[in-house]
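# Survey of secondary and tertiary structure
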Amino acid sequence: MPEAIRQIRTVTSAVLLAVMGASLAACSGGDFGRTRADMRSDDMHRWLGTEVTSSVGLKPSQFQLTDEERQLRDLAYPIIEPPLSRPAWKSVFGDYKALPSPWRQKIVFDRTMYGRTLIDEPHRSHSSRYAQLIEDVRNDITRFEPFFGSAIRVIDLDKKREASMARVSALSPQEKADAVERMQENSLIIQWVQQSLEQRVSSYRWGLERLVIQAPDSMAADADRLIGELAAQTANPPVAAQPVYQRPVISKG
């Protein structure tokens, strides 16, 4: 009898440990794949400025972010993060990571990756693949106006910053350098988003073409219309950042 009791206790302990482990894992990610609230911070996207400047041999500014600059970075991240870049397990074990800027010499854009991932991932039916594509394109269209509205405000404030530097008394070399570096950061982040949108349009088109070949469906017309809408917006952004550095032209596929 004592031996049986010990076996029961051992099994019970193992079950409790498994349940606790699953609970802790579930707590490491937020609902619907969103970053957990206690992992967020006001400046969680500040690294974008450091990444873009260092990737082209410039220095990041030491100035604190303004509210508008912080919002620009917050709105930029969902657009520069590649679509379908979060497998299901990442929504549990962590879903946030820094990304390399397009000026990194080793970065090669593969326009086929999105379509191949969309097609290769398990789906209940081909219709769900079309639905995923449509949702991804529609999300980008929804993000377009808020981001570029923020970009317009940031660029306008940077113009005022640049004009005011000539009238600032006893402006130190470091202050001037930080101001110039912040304007470069902002411009490069806007350029990064513009390039990401162009790449997304190319990726969506490649993916749709392969879906139509493999599983023709009337949903293709809706997807094509939305991709065309996103392409038109991307080709005519309401504001264009002044080039600080030429864009990379290397692509694959």
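Not measured: the values here are computed from a predicted model. (Residues numbered from 1 in each chain as written. Predicted model: local features only at pLDDT ≥ 70, side-chain atom pairs only at ≥ 80, totals over all residues. Heavy atoms only, no water.)

### Some remarks on the overall build of the protein chain
Check the secondary structure of the protein chain and you find eight helices and two strands. Residues classed as buried in the protein chain amount to 38% of the 253 residues present. Intrachain contacts of the protein chain at a sequence separation of at least 6 include 82% that bridge at least 24 residues. Carbon and sulfur atoms provide 57% of the accessible area of the protein chain, an area that totals close to 14,800 Å². (Helix = DSSP H or I, 4+ residues; strand = E, 2+ residues; numbered from the N terminus. Buried < 20%, exposed > 50% of the residue type's maximum accessible area, 1.4 Å probe, protein only. Contact = heavy atoms within 4.5 Å. Areas by Shrake-Rupley, 256 points an atom, 1.4 Å probe, with all protein chains shown as cover.)

### Quick notes on the nonpolar core
Grouped together as the largest cluster of nonpolar side chains are 43 residues, with contacts concentrated most on L133, V137, F147 and W192. At the level of elements, helix 2 (47-55), helix 3 (67-80), helix 5 (113-120), helix 6 (126-165), helix 7 (173-214) and helix 8 (219-235) are the ones that each hand at least two residues to this core. Ranked by the residues each element gives to this core, the list is headed by helix 6, at eleven residues. Beyond its immediate chain neighbours, meaning those up to four positions away, V137 contacts Y204, L226, I227 and L230. (Core = buried A, V, L, I, M, F, W, Y, C linked by side-chain atoms within 4.5 Å.)

### Overview of the packing of aromatic side chains
Under the criterion given, the structure shown has four aromatic pairs. An angle of 80 degrees between the planes, with centres 5.0 Å apart, marks the rings of Y114 and Y204 as edge-to-face. Residue Y114 is located in helix 5, and its partner Y204 is located in helix 7; the two are separated by 90 residues in the primary sequence. Both residues of the pair, Y114 and Y204, count as buried. Judged by centre distance (4.6 Å) and plane angle (40 degrees), the ring pair of F144 and F148 falls under tilted. In this pair, F144 and F148 are both assigned in helix 6, four residues apart and thus about one turn of the helix distant. You can call F148 buried: its relative accessible area is 1%. Taken together, the aromatic side chains of F144, F147 and F148 make up a single cluster linked through ring pairs. (Phe/Tyr/Trp six-rings, centres within 6.5 Å; stacked < 30°, edge-to-face > 60°.)

### Digging into helix 2
Of all nine residues making up helix 2, seven are buried, and the element is well covered by its neighbours. Listed in full, the buried residues belonging to helix 2 are W47, L48, G49, E51, V52, T53 and S55. Once helix 2 ends, the next one or two residues include G57, with phi positive near 80 degrees.

### Things to note about the packing of helix 5 against helix 7
Packed helices, taken two at a time, are described by the angle their axes make and the gap between the axes. Between helix 5 and helix 7, the shortest axis-to-axis distance is 7 Å and the interhelical angle comes to 40 degrees. As summarised for this structure, helix 5 and helix 7 are arranged oblique, according to the angle between their axes. Along this stretch, helix 5 crosses helix 7, giving a crossing that reads as right-handed. In this structure, helix 5 contributes Y114, G115, R116, L118 and I119 to the contact, and helix 7 contributes S203, Y204, W206, G207, R210, L211 and Q214. Residues that form the contact of helix 5 with helix 7 fall into these classes: six nonpolar, four polar and two charged. (Axes fitted to C-alpha atoms, helices over the stretch in contact; angles between N-to-C directions. Parallel < 35°, antiparallel > 145°, perpendicular 65-115°, else oblique. Left-handed = near helix turned anticlockwise from the far one by under 90°. Nonpolar A, V, L, I, M, F, W, Y, C, P; charged D, E, K, R; others polar.)

### Here's the deal with the pattern of salt bridges
Any two side chains of opposite charge can pair, so long as their charged atoms come close to each other. Summed over the entire model, instances satisfying the criterion amount to 14 salt bridges. One salt bridge in this structure joins R182 and E69, with 3.0 Å as the shortest N-O distance. Remark: E69 occurs in helix 3 and R182 occurs in helix 7; sequence separation between them is 113 residues. A single network of salt bridges, built from pairs that share partners, joins E69, R73, D158, R161, R182 and E185. (Salt bridge = Lys/Arg side-chain N within 4 Å of Asp/Glu carboxyl O.)

### Some details on the environment of V154
When you line up the elements, V154 lands in helix 6. Residue classification places V154 among the buried residues on the basis of a relative accessible area of 1%. For the pair V154 and E68, spaced 86 residues apart in sequence, the C-alpha separation works out to 6.2 Å. Dropping the residues within four chain positions of it, V154 is found in contact with E68, E69, L72 and N186.

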